[in-house]
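Residues per chain are reported as follows:
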Amino acid sequence: MNAPIRPQSSFKLEDYPFRLADNVRYGDLDPNKHVNNGVYSTYFETARVTLLRSGDRGLMPKGLSWMLVHLAIDFRAEMHWPGSFELGIGVSRLGRTSATFAQVVFAGDVCTASAEAVTVLVDATTRKPTPLTPQIIERFQPWLLRA
């Protein structure tokens, strides 16, 4: 039996401590004239990469890198061009070598998609998982999901 999908009304953009605004591009559309499902993975990637790779946050230590190992997307409503949207992201869990992110896309007050992304911290040379340091865990604290 499948687990129930989280109801649309339970998503609130303010629960996601890191947010970005963007515009729907005409090239994001599919023949149904809504944003193509595959494009959402790029939207979610933009939020994760912007949060993780910004040097002032200290989430990308020298010699280490984050690798995406899992991405699950639930499509909740259509999004069209022209239009704008907001991306929200928050850390829902920190593991020994991983960070799990809850992510959303909002067009106005409507959550059009939600995702769970798991990234693993790896050594840039060996490509092997590397434990999160106490400093990295501390630097993630402002980005913890609020709900």
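Preceding this paragraph is the structure being described.
Since this is a predicted model, take the numbers as computed values, not measurements. (Residues numbered from 1 in each chain as written. Predicted model: local features only at pLDDT ≥ 70, side-chain atom pairs only at ≥ 80, totals over all residues. Heavy atoms only, no water.)

K.L.:
Hey, could you run me through the pattern of salt bridges in this one?
P.N.:
If charged atoms from side chains of opposite charge come close, those side chains can pair. Scanning the model with the defined rule gives three salt bridges in all. Residue arginine 25 pairs with aspartate 22 through a salt bridge whose shortest N-O separation is 3.2 Å. Exposure remark for arginine 25: the relative accessible area of 40% places this residue in the partly exposed category. With its nearest N and O atoms 3.6 Å apart, the salt bridge here joins aspartate 74 to arginine 76. Residue classification places aspartate 74 among the partly exposed residues on the basis of a relative accessible area of 32%. (Salt bridge = Lys/Arg side-chain N within 4 Å of Asp/Glu carboxyl O. Buried < 20%, exposed > 50% of the residue type's maximum accessible area, 1.4 Å probe, protein only.)

K.L.:
Would you take a moment to explain the side chain of serine 98 for this structure?
P.N.:
Summarising the element assignment, serine 98 is placed in strand β4 (residues 98-107). Residue serine 98 is classed as buried on the basis of its relative accessible area of 11%. Those residues in contact with serine 98 that sit more than four places away from it in its chain are Trp66, Arg93, Val118, Thr119, Val120 and Leu132. (Helix = DSSP H or I, 4+ residues; strand = E, 2+ residues; numbered from the N terminus. Contact = heavy atoms within 4.5 Å.)

K.L.:
I keep staring at the environment of threonine 46 and nothing clicks. Help me out?
P.N.:
Tracing the chain through its elements places threonine 46 in helix α1 (residues 37-53). By relative accessible area, threonine 46 is classed as partly exposed at 32%. Taking C-alpha positions, threonine 46 is 8.9 Å from leucine 20, a pair spaced 26 residues apart along the chain. Apart from the residues lying within four places of it in its own chain, the contact partners of threonine 46 are Leu20 and Leu87.

K.L.:
What am I meant to see in the nonpolar core here?
P.N.:
Among the nonpolar cores identified, the biggest contains 30 residues, and Tyr43, Phe101 and Phe140 are the most heavily contacted of them. Those elements giving two or more residues to this core turn out to be α1, β2 (64-75), β3 (84-94), β4, β5 (110-123) and α2 (134-140). Other than its neighbours up to four places away in sequence, phenylalanine 101 contacts Arg48, Leu51, Leu52, Ile89, Gly90, Val91, Ser92, Ala115, Glu116, Ala117, Thr119 and Phe140. Among the nonpolar cores identified, the runner-up in size contains seven residues, and Phe11, Leu13, Ala102 and Val104 belong to it. (Core = buried A, V, L, I, M, F, W, Y, C linked by side-chain atoms within 4.5 Å.)

K.L.:
Before we go on, may I ask you to explain the sheet that holds β3 in this structure?
P.N.:
Within a sheet, neighbouring strands are paired by backbone hydrogen bonds and run either parallel or antiparallel to one another. Ordered in space as β1-β3-β4-β5-β2, the five strands form an open sheet in which the pairing is antiparallel. Strands at the two margins of the open sheet, each flanked by one partner only, are β1 (18-23) and β2. Taken over all neighbouring pairs, the strand axes of this sheet differ in orientation by 25° on average, direction set aside. Where β2 meets β5, eleven bridges bridge the pair, whose relative direction is antiparallel. By the bridge assignment for β5, serine 65 is matched with valine 122. (Pairing = 2+ DSSP bridges. Axes fitted to C-alpha atoms, helices over the stretch in contact; angles between N-to-C directions.)

K.L.:
Looking at this structure, I do not really get the pairing of β4. What am I missing?
P.N.:
Two faces belong to every sheet, and in a regular strand the side chains alternate between them. Of all ten residues in β4, nine are buried, a share of seventy percent or more. Pairing geometry for β3 and β4, over eight bridges, is antiparallel. What sits directly across from leucine 94, in β4, is alanine 99. Linkage of β3 to β4, two consecutive antiparallel strands, is achieved through a turn of three residues. Bridging between β4 and β5 involves ten bridges; their strand directions are antiparallel. Across the sheet, glutamine 103 pairs through a bridge with alanine 115, a residue of β5. In textbook terms, the turn of a hairpin is the stretch between consecutive antiparallel strands, and for β4 and β5 this stretch comprises two residues, one of which, glycine 108, has a positive phi near 65°.

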